[in-house]
Amino acid sequence: MTCAPGLLAVIDMQRVFADPAGPWATPRFADAAAGVRRLLPAFGDRVAFTRFLAPERPTGAWRAYYARWPFALRPPDAELWELADEFADHTGRVVDATTFGKWTPELAERVGPDGRLVLAGVSTDCCVLSTALAAADAGTEVLVVADACAGMDDDSHVKALQVLDLYRPLVRVTTIDDLLAEPRP
């Protein structure tokens with residue numbers, strides 16, 4: 001059974017953000033993962049998982065970023081970039097990007113010109129926010145599922161959702177229950 005039309009993009013549910021001892025730990029990663037698990041059956045094969053990857057050679061402002069986070073300069077097949085174990089079987093539907101925003105040509109093609117993008121994952125205050133705004137600028141209807149996302153901390157998560165809500169009607173913040181209750185086509 002599928003919910004209202006759209007593509008569910010699950011943003012960066014990777015080991016690097018799941019590891020509570022890691023420098024990029026997302027404290028409520030498990031909560032976001034639980035939300036993603038609730039959404040997956042409703043979208044069937046209309047799901048794309050994204051992965052943040054380090055570029056082979058950072059350029060521009062990314063050089064300073066990776067000077068701060070040198071541990072992350074690993075190749076795409078490094079363990080830290082893998083999807084978290086519970087999502088590992090979804091590797092056939094992965095979109096990789098070396099940027100915070102995952103609104104890549106590949107993701108745009110999967111959504112389609114008049115499609116709807118539903119976002120879940122981590123982190124609300126970085127990659128989810130960057131993806132939502134770029135997709136909205138491209139004219140795509142964007143829904144951010146608040147309780148299927150997590151920020152770098154609770155305050156940043158809430159602030160990012162508040163900022164995203166300022167972009168109505170291009171971006172709409174919703175909940176799992178409200179999304180799943182929408183009339184089906």
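Residues numbered from 1 in each chain as written. Predicted model: local features only at pLDDT ≥ 70, side-chain atom pairs only at ≥ 80, totals over all residues. Heavy atoms only, no water.

Asks: Just checking my understanding: could you explain the side chain of T131 for this structure?
Replies: For T131, the position within the fold is in helix α5 (residues 124-137). Overall, T131 belongs to the buried group, its relative accessible area being 0%. Polar side-chain contacts of T131 include one of 2.7 Å to the backbone oxygen of C127. Beyond its immediate chain neighbours, meaning those up to four positions away, T131 contacts I11, F100, G101, K102, W103, L117 and L119. (Helix = DSSP H or I, 4+ residues; strand = E, 2+ residues; numbered from the N terminus. Buried < 20%, exposed > 50% of the residue type's maximum accessible area, 1.4 Å probe, protein only. Polar contact = N/O pair within 3.5 Å; in protein donor to acceptor, adjacent residues only side chain to side chain. Contact = heavy atoms within 4.5 Å.)

Asks: Would you explain the state of the cysteines in this entry?
Replies: In a disulfide, the sulfur atoms of two cysteines are held together by a covalent bond. Evaluated as defined, the whole model comprises zero disulfides. Distance from the sulfur of C126, which forms no disulfide, to the nearest cysteine sulfur (C127) is 4.0 Å. Unpaired in this structure, C149 has its nearest cysteine sulfur neighbour in C127, at a distance of 11 Å. (Disulfide = S-S within 2.5 Å.)

Asks: So what exactly am I meant to see when it comes to the sheet that holds strand β2 (residues 47-52) here?
Replies: Strands belonging to one sheet form pairs held by backbone hydrogen bonds; the direction of such a pair is parallel or antiparallel. Sheet architecture is open: six strands sit in the order β3-β2-β1-β4-β5-β6, paired in parallel fashion. Every other strand in the sheet has two partners, leaving β3 (94-97) and β6 (171-174) as the edge strands with one partner each. Each strand of the sheet is rotated relative to its neighbour by a mean of 25 degrees, with strand direction disregarded. Looking at chain direction, strand β1 (residues 7-11) and strand β4 (residues 116-122) are connected through five bridges and run parallel. Among the inter-strand pairings, I11 is bridged to a residue of β4, identified as G121. Here helix α2 (residues 29-43) sits on the sheet in contact with β1, β2, β4 and β5 (141-150), set at roughly 135 degrees to β5. Running at roughly 165 degrees to β5, helix α6 (residues 154-165) makes contact with β5 and β6 of the sheet. (Pairing = 2+ DSSP bridges. Axes fitted to C-alpha atoms, helices over the stretch in contact; angles between N-to-C directions.)

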